[in-house]
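So the chains spell out like this:
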Amino acid sequence: MTTNEPASGTSADAIVVGGGPAGLSAALYLARYNRTVLVFDTGHGRSTHHQKNRNYLGFPDGIATIGLRELARQQLAPYEQIKIVHHVISRISGDGESGFTAQGQGDHRWHARVVVLATGVLDHFPHFPGWESYVGRSMFWCITCDGYENRGRSILVVGHTDAAAGEAMQLHSLTDRVQLLTNSHADEISPKFRKRLDNANIPVIDDHIHEVEGDDGMMTAVNTRGGLRIELDSLFSIQGATPETKLAQQLGVRLAPSGWIDVDTEQKTSVPGVYAAGDVTALHSHQVTAAVHEGAQAASAANYFLYPPELKAD
């Protein structure tokens, strides 16, 4: 693997957009099929936060997602077929017959026969001074990933929908010290869920975050615009996420009704030669384990697509 920027006009067998677990897994599998791969990684996304992953089999003490990325990059390093490109891809055009062209800043262009979209999602974390330093340390978004470590702790759920109310109820099975802060001008929590929260003695606070107290990524309190001071151990942000589907839509890829990229069991999209993997493919199950699997599956399907007809059984 090389991080030297390939010149504009460089061609490869595959373009992978996204350098998280899904994209790096796809790149590894493609390289092991002896395919040339351009991986476009901007160094952003969920796997660049301070999260510690404890659900990935084989790491008894867990592993930081940043550390997992570093290990993956080390694993890819021996493969000369892989080139890492630090460009934002603003546009992709083409099709499975003539190939695809990815365009970056400065009108740089790269070409490939197949595309794997591992573009992830944009999380809607509450924004306050220094908010990014808390993500993955004391501000979380996933009960599957971080709920267990917060048993018995004081938790503030932030969100104004039934999804946030449901998450508060689920966290209540781990601790009886749960509060919900809407942090929005809108209140979309239905009467049904309001009643459930009341029955569970989960207070609902209709206010906004002004600032937080804490140090080294660990929150101790949230101060609201209305003047409240809410002490806490952890904050769970349930304000939703938006899938990064701009490139998929440019290619004419079909989206599911939820807004995520619609794929089959082989990670094929509706456009031949275009595959998608990771969090961008599903509203739920945003797990590193799923991303790595989907990246591998997308690469395997893409490799088969690249074979000439005489090597295919179908």
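Nothing here was measured: the structure is a model prediction, and the numbers come from that model. Per chain, residue numbering runs from 1 following the sequence as it is written. For a predicted model such as this one, the threshold for reporting local features is a pLDDT of at least 70, and the threshold for listing and counting side-chain atom pairs is 80 or more; totals across whole chains, interfaces and linings nevertheless cover every residue. Neither water nor hydrogens contribute to the side-chain values; these are computed over all heavy atoms in the structure.

Caption draft 1: Main features of the side chain of Gln51. Locating Gln51 in the fold gives a position in the loop between strand S2 (37-40) and strand S3 (52-53). Between N or O atoms, a polar contact is any pair within 3.5 Å; within protein, one atom must be a potential hydrogen donor and the other a potential acceptor, and residues adjacent in sequence are included only when both atoms are from side chains. A distance of 2.3 Å separates polar atoms of two side chains, one belonging to Gln51 and the other to Asp146. We call two residues contacting when some pair of their heavy atoms lies within 4.5 Å. With residues near it in sequence (within four places) discarded, Gln51 still touches Ile63, Ala64, Thr65, Val135, Gly136, Phe140, Trp141, Cys145 and Asp146. The secondary structure listing takes helices from DSSP runs of H or I that are at least 4 residues long and strands from runs of E that are at least 2 residues long, numbered from the N terminus.

Caption draft 2: Here's a closer look at the domain arrangement of the chain. Domain segmentation is taken from an automatic or database assignment of domains. Looking at the assigned domains, one finds that the chain contains domain 1 (11-122 + 241-311) and domain 2 (126-238). Taking only C-alpha atoms, the centre of domain 1 and the centre of domain 2 are 32 Å apart. Domain 1 puts nine residues into the contact, and the matching count from domain 2 is 12 residues. Using a 1.4 Å probe, buried area is obtained as the accessible area two parts lose upon being combined, added over both of them. Summed over both sides, the interface between domain 1 and domain 2 buries roughly 940 Å², with carbon and sulfur atoms accounting for 47% of that surface. Ranking the residues of domain 1 by area buried against domain 2 places His50, Gln51 and Arg54 at the top, with a combined share of 54%. The salt bridge definition used is simple: a Lys or Arg side-chain nitrogen within 4 Å of an Asp or Glu carboxyl oxygen. Along the contact surface separating domain 1 from domain 2 lie one salt bridge.

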